[in-house]
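Next come the chains, spelled out residue by residue.
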Amino acid sequence: MLASHQLYLDSGYHEGHRANFSSADLTRRDFSGLNLRGIKMDRSVLRGADFTGANLQSANLIGAILREACFDRADLSRARLSGANLVSASLENARLAKADMEFALMANSVLRGALPT
C-alpha cells in the first residue's frame, strides 16, 4: 500500500492510490524517513510508532492513538491531528506549521525545538 501511495505522489495523483490506514492497528511500526504526505491514518492505533524524519504534510491523523510515538524531525505541516492522543510522544525538532491540533492530548510530550511556522 505504501508503494502505491508513493506512486500516487510521484505521478501527481494520476497513478497509484492514496494510502488509507484509517482505523488500522499499526502499533510500533517503523515509518521513519518515509514520504507519507497526505496519508489517511484517522482513528488508527499507532502507539509507539516511529515517524522520525517522515514527511507527514497534510496527513490525516484525526483521533489517532499516537501514545509514545516518535515524530522527531518529522514534517507535520498542515497535518490534521485534532483529537489525537499524543501522550508521551516525542516531537523534537518537528515542523508543525499550520497543523490542526485542536483537542489533542499532549501530556508529557516532548516539543523541544518544534517549529510552529
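Everything below is about the structure shown above.
Residues numbered from 1 in each chain as written. Predicted model: local features only at pLDDT ≥ 70, side-chain atom pairs only at ≥ 80, totals over all residues. Heavy atoms only, no water.

(A) Region of the structure containing the overall build of the protein. Within the protein, the regular secondary structure consists of one helix and zero strands. Whereas a compact globule of 117 residues would reach a radius of gyration of roughly 13 Å, the protein reaches 13 Å, a difference of no more than 12%. Projected onto its principal axes, the C-alpha positions of the protein cover 40 × 30 × 25 Å. Counting across all 117 residues of the protein, residues that qualify as buried make up 44%. Put simply, 6% of the contacts in the protein that link residues at least 6 apart link residues at least 24 apart. As displayed, the protein has an accessible area near 6,000 Å², and 48% of this comes from carbon and sulfur atoms. Computed over 14 positive and 12 negative side-chain charges, the separation of the two mean positions in the protein equals 3 Å. (Helix = DSSP H or I, 4+ residues; strand = E, 2+ residues; numbered from the N terminus. Rg over C-alpha atoms; globule rule 2.2 N^0.38 Å. Buried < 20%, exposed > 50% of the residue type's maximum accessible area, 1.4 Å probe, protein only. Contact = heavy atoms within 4.5 Å. Areas by Shrake-Rupley, 256 points an atom, 1.4 Å probe, with all protein chains shown as cover. Lys, Arg positive; Asp, Glu negative; His and termini not counted. Charge placed at Lys NZ, Arg CZ, Asp CG, Glu CD.)

(B) Summary view of the pattern of salt bridges. Tallying each qualifying case throughout the model produces three salt bridges. Asp75 is the salt-bridge partner of Arg95, the closest N and O atoms lying 3.9 Å from each other. Separated by 20 residues along the polypeptide, Arg95 in the segment after helix H1 (2-10) and Asp75 in the segment after H1 bring together distant segments of the chain. Here Arg95 falls in the partly exposed class, since its relative accessible area comes to 38%. By relative accessible area, which is 14% here, Asp75 ends up buried. Between Glu92 and Arg112 there is a salt bridge; the shortest N-O distance is 3.4 Å. Pair noted here: Glu92 is in the segment after H1 and Arg112 is in the segment after H1, with a separation of 20 residues, a long-range link. Of the residues examined, Glu92 reaches a relative accessible area of 23% and is grouped as partly exposed. Taking the relative accessible area as the measure of exposure, Arg112 reaches 57% and is therefore exposed. (Salt bridge = Lys/Arg side-chain N within 4 Å of Asp/Glu carboxyl O.)

(C) Representation of the packing of aromatic side chains in the model. With the rule as written, the count across this model stands at three aromatic pairs. Judged by centre distance (4.9 Å) and plane angle (50°), the ring pair of Tyr8 and Tyr13 falls under tilted. Given the relative accessible area of 48%, Tyr13 is considered partly exposed. Between Phe51 and Phe71, the aromatic rings sit 4.8 Å apart at their centres with planes inclined by 0°, giving stacked as the arrangement. (Phe/Tyr/Trp six-rings, centres within 6.5 Å; stacked < 30°, edge-to-face > 60°.)

(D) Seen up close, the side chain of Thr52. Structurally, the position occupied by Thr52 is in the segment after H1. Classification of Thr52 as buried rests on a relative accessible area of 18%. If near-sequence neighbours (up to four positions away) are discounted, Thr52 is found in contact with Ser32, Gly33, Cys70, Asp72 and Arg73.

Keep in mind these values describe shape, not function.
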